[in-house]
Amino acid sequence: MTQAPARILVVGSGAREHALAWKLAGEPGVDEVVVAPGSAAIGAEPRVRCVPGVDPLDPGAVVGAAREAAAELVVIGPEAPLAAGVVDALRATGIQAFGPTQAAARLESSKAFCHDVAEAAGVRMARARAFEANEGAAARAYVAELGAAGGGVVLKQDGLAAAKGVAVYDDAGLAVEHVGSYLDGRGPGPALVVEERLRGREASVIAICDGREAIALPASRDHKRLCDGDLGPNTGGMGAYSPLPDLGDDAVERILATVHRPILAELARRGSPFIGFLYAGLMLTEDGPALLECNARLGDPEAQVILPRLAGALGPVLAAAAARGLAAIAPLAVLPGAAVGIVLASEGYPNTPKRGLPIAGLEAAEAEGALVFHGGSIGRPGGGYGTNGGRVLTVVGRGADLPAARAAAERAADRISWDGMQRRHDIAAALPPGAAVVVGAAS
Ligand code: AMP
Ligand code: GLY
């Protein structure tokens, strides 16, 4: 087993990065985790220090922070620094980084590129075509063609849009009317991806990758809509759970063999090997799993329920992957039981979240045994925390099974409040409606 990196820099400041810093800082052999820029709550974890002044989108600033921290490994949390080329800059100066280069991160930053790679790799995705700004007529015709096939259509903005650039239509006529809003004012290159709508249940399968090899993290499921019953607008995610009763370990391994590894091989063939967390957003359809999207990072809130389930140390595995040595690493051991995460969001999220409100009940929630990961909070001058973003907290309950973990998460989330707080009450309550795809035993 590769040695644990003693000093690690985590880039980012959300609840996913809080979970990463918490996990890594608690592992044997780790002296300090530095988080750039981090937050007051992240910096309150034992053996974690934040460097608030660092702009995570500035490759030079991140290299400077890694040097200053004497980091043996840098782990990048969010997508934007990857797309900005932070990993390229780190590797150019000889610093070990776990995350894809700007070129490999196009898997997430361009949906058209993802479709192209998946097709070349023989990975099943929804039928789709990409259109440039001047191809409105062709795009409308394709929407109408998919609509006539009867299954509904999906319009996706090409480029990073934090889950807000996707709209799913039952009514292709309405989608035709909206095509213009995706194309107007866009420059050259793909602007819009039109996809056939797939039906089933979604699942997130994330793997640690070293450019060739992939090791699975436990499967999870995100709840993307704002309101109970999967109603309301799409968000970055309002809660998540792991494991999945309808996607067991055998199925996850099959997904790695049919999705992740072929994509890794195709990217390597193109000269852009992918090192990092490769996130496959899947639809479990009646005909088997289909890839909806690739992300080049851990999911948020998926990370908050996955990382607490790992039985062993993560740092040495990420270090081995950064050094292209995953072949020598055993599969990750997972704790028995389940984890459920509930996101607590501000009034106005996902559009214009209200900020600056004091948060009550954090200590009571932690006293319930829950983990509370901060994504959008700020330290208050007199102590305690206030809201400072859309998705403010993820409250994670653990238990012997999903119902027990869900009860623990609900109990803890019930303790926390602020004016206008929004949350769902049905995270992990039942399997979402969809095709009954039960493959393998639950992990
Ligand atoms: P994406 O950013 O591509 O993952 O899309 C965001 C969300 O839109 C997904 O999590 C799905 O809920 C939905 N979605 C995306 N593509 C499709 C599709 N082809 N069929 C049905 N739903 C989709
Ligand atoms: N929770 C979905 C994502 O992180 O993309």
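All of these numbers come straight from a predicted model, not from anything done at the bench.

1. Overview of the pattern of salt bridges
Tallied over the full model, the rule gives 28 salt bridges. Between Asp170 and Arg199 there is a salt bridge; the shortest N-O distance is 3.2 Å. Within this pair, whereas Asp170 is found in the loop between strand E8 (166-169) and helix H9 (172-183), its partner Arg199 is found in the loop between strand E9 (190-196) and strand E10 (201-210), the two being separated by 29 residues in sequence. For the salt bridge of Glu213 with Arg212, the shortest nitrogen-to-oxygen distance reads 3.6 Å. Assessed through its relative accessible area of 26%, Glu213 is described here as partly exposed. It is possible to trace a salt-bridge network through shared partners that takes in Asp116, Glu266, Arg269 and Arg270.

2. Observations concerning the site of ligand 2
Around ligand 2 sit Asp222, Gly236, Tyr279, Asn295, Arg297, Gly299, Asp300, Pro301 and Glu302, and those are all the residues in its vicinity. Separating a nitrogen atom of ligand 2 from a side-chain N or O atom of Asp222 is a distance of 2.7 Å. At 2.9 Å from an oxygen atom of ligand 2 is found a side-chain nitrogen or oxygen belonging to Arg297. Computed on the free molecule, ligand 2 has an accessible area of 190 Å², of which 91% lies beneath the protein chains in the complex. The residue makeup of the shell around ligand 2, split by class, is two nonpolar, three polar and four charged.

3. Concerning the side chain of Lys111
By the secondary structure assignment, Lys111 is in helix H7 (residues 111-121). Residue classification places Lys111 among the buried positions, given a relative accessible area of 16%. Among residues more than four places away in sequence, those in contact with Lys111 are Lys156, Gln157, Asp158, Val166, Val193 and Glu293.

4. What about the confidence of the model for the protein?
Note: predicted coordinates in regions of low pLDDT should not be interpreted at a detailed level. On average, residues of the protein score 93 in pLDDT, and 96% of them reach the 70 mark or higher. This stretch, residues 435-443, has a pLDDT under 50; its non-local contacts, to residues over four places away or in other chains, come to 28 contacts.

5. A word on the packing of aromatic side chains
In this structure the tally under the stated criterion is three aromatic pairs. An angle of 85° between the planes, with centres 4.8 Å apart, marks the rings of Phe98 and Phe277 as edge-to-face. Within this pair, whereas Phe98 is found in strand E5 (residues 97-98), its partner Phe277 is found in strand E16 (residues 275-285), the two being separated by 179 residues in sequence. Owing to a relative accessible area of 1%, Phe98 belongs among the buried residues under this scheme. Ring centres of Phe131 and Tyr142 lie 6.0 Å apart, and the angle between their planes is 50°; this geometry places the pair in the tilted category. A residue pair is termed long-range when its members are at least 10 positions apart, and Phe131 in strand E6 (residues 128-132) and Tyr142 in helix H8 (residues 136-149) qualify at eleven residues.

6. Some thoughts on the site of ligand 1
Around ligand 1, 15 residues are found, and the nearest of them are Lys156, Glu195, Leu198, Glu202 and Glu293. At 2.9 Å, a side-chain N or O of Lys224 approaches an oxygen atom of ligand 1. Here ligand 1 loses 93% of its free accessible area of 470 Å² to cover by the protein chains. Elements with a minimum of two residues in the shell around ligand 1: strand E7 (153-157), E8, E9 and strand E17 (288-295). Partitioned by chemical class, the residues of the shell around ligand 1 number seven nonpolar, no polar and eight charged.

7. Quick look at the sheet that holds strand E4 (residues 73-76)
One open sheet holds the five strands; their spatial order is E3-E2-E1-E4-E5, and the pairing between them is parallel. Looking at strand neighbours, the two that pair on one side only are strand E3 (48-50) and E5, the edges of this open sheet. Relative to E5, E4 runs parallel, the two being bridged by two bridges. Within the sheet, the bridge partner assigned to Val74 lies in E5 and is Ala97. In the packing of helix H1 (residues 15-25) onto the sheet, contacts are made with strand E1 (7-12), strand E2 (32-37), E3 and E4, and the angle to E1 comes to roughly 170°. In the packing of helix H3 (residues 59-68) onto the sheet, contacts are made with E1, E2, E3 and E4, and the angle to E1 comes to roughly 155°.

What counts, and where the lines are drawn
- Residues numbered from 1 in each chain as written.
- Chains lettered and ligands numbered in written order.
- Predicted model: local features only at pLDDT ≥ 70, side-chain atom pairs only at ≥ 80, totals over all residues.
- Heavy atoms only, no water.
- Salt bridge = Lys/Arg side-chain N within 4 Å of Asp/Glu carboxyl O.
- Helix = DSSP H or I, 4+ residues; strand = E, 2+ residues; numbered from the N terminus.
- Buried < 20%, exposed > 50% of the residue type's maximum accessible area, 1.4 Å probe, protein only.
- Near = heavy atom within 4 Å.
- Polar contact = N/O pair within 3.5 Å; in protein donor to acceptor, adjacent residues only side chain to side chain.
- Areas by Shrake-Rupley, 256 points an atom, 1.4 Å probe, with all protein chains shown as cover.
- Nonpolar A, V, L, I, M, F, W, Y, C, P; charged D, E, K, R; others polar.
- Contact = heavy atoms within 4.5 Å.
- pLDDT = per-residue confidence, 0-100.
- Phe/Tyr/Trp six-rings, centres within 6.5 Å; stacked < 30°, edge-to-face > 60°.
- Pairing = 2+ DSSP bridges.
- Axes fitted to C-alpha atoms, helices over the stretch in contact; angles between N-to-C directions.

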